[in-house]
Every structure is written in C-alpha cells, then in structure tokens.
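Here is what each chain is made of, one letter per residue.
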Amino acid sequence: MIFNDSIQKFSIEALSKTLRTFPIEVQKIYPNSFQIHRGLLYGMILTPQGKRLLVIGEEEKLQKDPLRGRLVKFTPSFKVCDLSLENLPPLMELFPYTKPVPVLRAPATIGTGDRIGLATPGHIRAIRKFNIRPVLAQQSTRENLQTGRTLKEVMADAAWSVFQENYQEGYGADGDHLKSLREVKEALESGVSMITLDLSERLKAEVLTSPKKEIERRFGEGIDPGDAEVLLHLFLDKEFRFRGNEGDLNISFQKEEVKRLVLLFHSALAFSEEVYELIQRHTGRRPLIDLEISLDEFPLPTSPAMHLFLIISLNHRGVRIDSLAPRFVGEFEKGIDYKGGLSAFREQFYQHVLISQHYGNYKLSLHSGSDKFSIYPIVGRISQGKFHLKTSGTSWLEAVRLISLNHPSLFRDLHRLALSSFGEASKFYRVTTDLSKILPLEDVADSDLPALLDQPPVRQLFHLTYGSLLKSPLRGLIRQTVLREEEAYAWLLERHLKDHLIHLGIERRA
Ligand code: ZN
C-alpha cells in the first residue's frame, strides 16, 4: 500500500481507491494537481461543498503543514482545506509556480481574464500547447465592480486553477485599467505582477482641436518655462526616421503640434511618473512588475506622432514601459471581429511597431482583443510574434454557450434579463449593437439556442450585460451549471482560444 509511513510515490488508481475509504464524499479528483511535496501528498478534489485541497500523510507532518484545514485521523490521515484567501500565501510558498510573475518579456503573451472564476483551467489547457505565456488574472476595477469580486478573489481563482492544472511555467496577474494612485497601490498590495495604467481620462482631448490662440495661452500659463524649453528642444528641428522591411516612417513635429501634444499629455505624464516611482518603491530598484500604458479608451485613435511623443516623454522622465496599448484605427467592439479597413490597420500597426522597436522594444498591446480574427495574421506577422493580446469577455460567452447547451431554460432566463439590462450596461462600452436584429426566443427551439452565440448582436448582448447577470439571483445557478459541466467548459474554451492562437500564427509546442 502506497500511503505508508512516508509517501514517496503514488498512482492515481491507488489514490482513487484510497479516497473511496475516506470518511468524506469525493465527487471527483483533479489528477494533474496531485503531487508529493516534503513527504505529503497534495491535490485538489471536488466535494458536495465545492473544490477543496486535500493533504494526505503522517499526522505530525500534517500538523506542521502551513495550510489551514480540518485534520482527520485515519489510515492514512488527511487534511481538507478550503480554497480560501487565507490559504493562498501558504499555497504560494509551498508551490511557488502558483504565484504570479512578470511575463511580458516573453515574445507572445495573452491576457485571458476570467469573469466567473471557472475559466482558467480551460485557458491553461489551450495555452500550454503553444509558445505563448499567459496573464491569467486580468480584471479591471470596472469589471470587478460589475461582477462583485475583488482583485484578491480574482487572483485567488487564478492561483487555485494553476495548482489544479499543475501549470508550472509562470503566469501573470494584471491590475487592468487602473486610473488612480490608490488603485495602483491596492493592486500592488494584492500581489499583481502587472499594472495597466489607463491614461485616457487624464488626456486633454480638447487641445487637439482648440484654436491656436487658446493653445498659446494654455501653454504659456500651464507649462513651466524651463520644461517648455526642454520639450521643444526634444522634438523640434529634427526628423525621426524609422527603417523597416515594409517601408520607412519619417515623423517631424511643428511647434504648434508639439505644444498641443505637451498639453494633451502633460498631466498624464506626471501621473505616469508618480506611478512608476510608486512601483519602484514597492518592488525595489529594478521594477519587477510589468507596466503597460493604455490609451485605448481615449476617444481618438493614437497617431504614430502621438505615440512617438508619448514614448520620448516617458523615456525623458525615466519611465520604462513593457507594453503600450494605443487606440488603433478602426473599431474594436466587444466580442466580435474588427471593424474597419484592413490596409489602414496594417499600415498604422506597422508604424507603431517601428516606433516601439526603436524606443525600448516594448510590446504593442491589443485590448478588446478576442474574436478579432481578420487582423490576427497582420498582428502576428508584422510584430514578428511579439505582442500582448487581451481577451476576457468571450470566455464568459463560452460559459453562456455551455448553458445554452445544458440548461436551455436558464439560458432563456438569462436572455430575458440581458435584454432588460442592456440599455444600462451599454453605457460603459463603445458598441453599435442593433437589438432589433435579435430574434424573440419564443420562436427558437432549444436545440437552436447554442447557434445564437455565433450571431454578433447576441454575442454583444451577453458580452455587455455580464455584470447584471452575474450579480442577479441567477448567479448561483450559473456557477453551478458551469461547474457541473466544467470539463465541457474547459473543452469549449480550449477550442475558442486555440482558434485565436492559430490565427495569430503562434507555434505549437512539440
Ligand atoms: Zn482596454
């Protein structure tokens, strides 16, 4: 019998047999998670109360083990631990790969995000088959407000899933779209490995169109004369030339344009510097946190000149970034393909890539990145496989698809609720959903429900209303249904994500 005095090896068959003798109801084991560590056997199980971490071994060792749980004296003895926030630090100490680390230095990276806390195993199953590194925890403050979760809970769900799937290659956790020093502080204290600083609300859009006189006045009054001199010197009377194998890019600035850009970015730059210093203080001299700057929620596309101005100004202030999310030309609506001219996108994406390669080789990051199949080949090829792509909401859509397959009446309830809350939810996003294109469900047979999830208006309907649905009384039933079918959910997600990775040209691993 393998579970004698000291555990040295085990087999899943023997383990299953032993668990059947235990005085607890084990509905399922997660075989990948089971492993021996310092003479104890650890692994994840499903009980009627939910997932639990099981530790098996000598009583004395179990008592010394830092995870908190209910110890049961048996042959062999064991301990059942909640997947609680309290048990997270000891988990990360015992199994360091469950702790998020900076990953953006890897060429291709993808942020997956998980709105219900059940999607990460499926993400891992897809990602581990390709040459790409994941940022598994990735939720913005807005998303957490919508779903009623905290950043800590989001990170805990990711860490427990990493343990469940035994994914040891390292993953990131992104405090996404943070807009204030307080939010950044909170994220750092929660242990994120990445900060996405959203500058869009700090940019003064009006200075791009206000009359020249107004610009002169604001520049004279708002910018310190010493700073003004330095800034003008940085940009005027020179040509910025970038050479690449798909053509060259030349940018030069006129005085008025520089003044407009200075005013546009002035407070955003000061804020970025403040955040950068905070990160440095938090992590020691060399920042061990991936830093992304996002402009994607600014009302106007980020022109190459704006990008160049921003990165030179950041460098001038000593701020180093790992990725930048411009607002690209065209529309990146949630849950559907890119809308816009492909050649315009290709040209601007190429220009952004040239600038990023020259000024620190940071990555370009694409937000609202799921389902943008028509531009993936361009992104993969022009960036030479070096990019960050953020997806998230479509994993929730796959959960809705799963529900349509397994629980049609719940799907119908969700559909009704989504329609009634769409107006409120759509205020947060830039979309052009035409609700009149959504068929009344009375006319749709149960067997045809899953196919609805391939229609753009239905995708957007559910994509935007996740908050109302996940905070409604149906939340428990949604989670139960997904958990009951978690293998099918993981399969759907694996298929969904693989499709993305293949279009992006990511190599499969041997
Ligand atoms: Zn974004």
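Here's a quick rundown of the structure. Given the structure is predicted, the values throughout are model-derived calculations rather than measurements.

## Topic: the packing of aromatic side chains
Applying the stated criterion across every chain, the model contains 21 aromatic pairs. Relative to Phe349, the ring of Phe328 has its centre 5.7 Å away and its plane inclined at 45°; by these criteria the two rings are tilted. One end of the pair, Phe328, is in the loop between strand S13 (323-325) and helix H12 (342-358); the other, Phe349, is in helix H12, with 21 residues separating them in the sequence. Ring centres of Phe332 and Phe345 lie 6.2 Å apart, and the angle between their planes is 50°; this geometry places the pair in the tilted category.

## Quick look at the coordination of the zinc ion
All of the protein donors around the zinc ion are His177 (NE2), Asp296 (OD) and His367 (ND1); their distances to the metal are 2.0 to 2.2 Å. Mapped onto the sequence, the donors of the zinc ion take the spacing H-x118-D-x70-H. Remark: Asp296 occurs in the loop between strand S12 (290-294) and helix H11 (304-316) and His177 occurs in strand S8 (residues 172-178); sequence separation between them is 119 residues. By the burial criterion, His177 is buried, and Asp296 matches it.

## Let's talk about the sheet that holds strand S3 (residues 50-56)
Taken in spatial order, the five strands line up as S1-S2-S3-S5-S4 in an open sheet, and their pairing is antiparallel. Where the open sheet ends on each side, the last strands, each with one partner, are strand S1 (28-37) and strand S4 (70-72). Pairs of neighbouring strands in the sheet enclose a mean axial angle of 20°, with direction left out of account. Two strands pair when backbone bridges link them, and S4 and strand S5 (residues 78-82) are joined in this way by three bridges, in the antiparallel orientation. Considered in S5, the bridge of Val72 is made with Phe78. Against the sheet, helix H6 (residues 151-165) contacts S1, strand S2 (40-47), S3 and S5, and its axis sits at roughly 85° relative to S1.

Rules used in this analysis
- Residues numbered from 1 in each chain as written.
- Predicted model: local features only at pLDDT ≥ 70, side-chain atom pairs only at ≥ 80, totals over all residues.
- Heavy atoms only, no water.
- Phe/Tyr/Trp six-rings, centres within 6.5 Å; stacked < 30°, edge-to-face > 60°.
- Helix = DSSP H or I, 4+ residues; strand = E, 2+ residues; numbered from the N terminus.
- Donors = N, O, S within 2.8 Å, 3.2 Å for Na, K, Ca; no water.
- Buried < 20%, exposed > 50% of the residue type's maximum accessible area, 1.4 Å probe, protein only.
- Pairing = 2+ DSSP bridges.
- Axes fitted to C-alpha atoms, helices over the stretch in contact; angles between N-to-C directions.
- Contact = heavy atoms within 4.5 Å.

These figures come from the coordinates and say nothing about function on their own.
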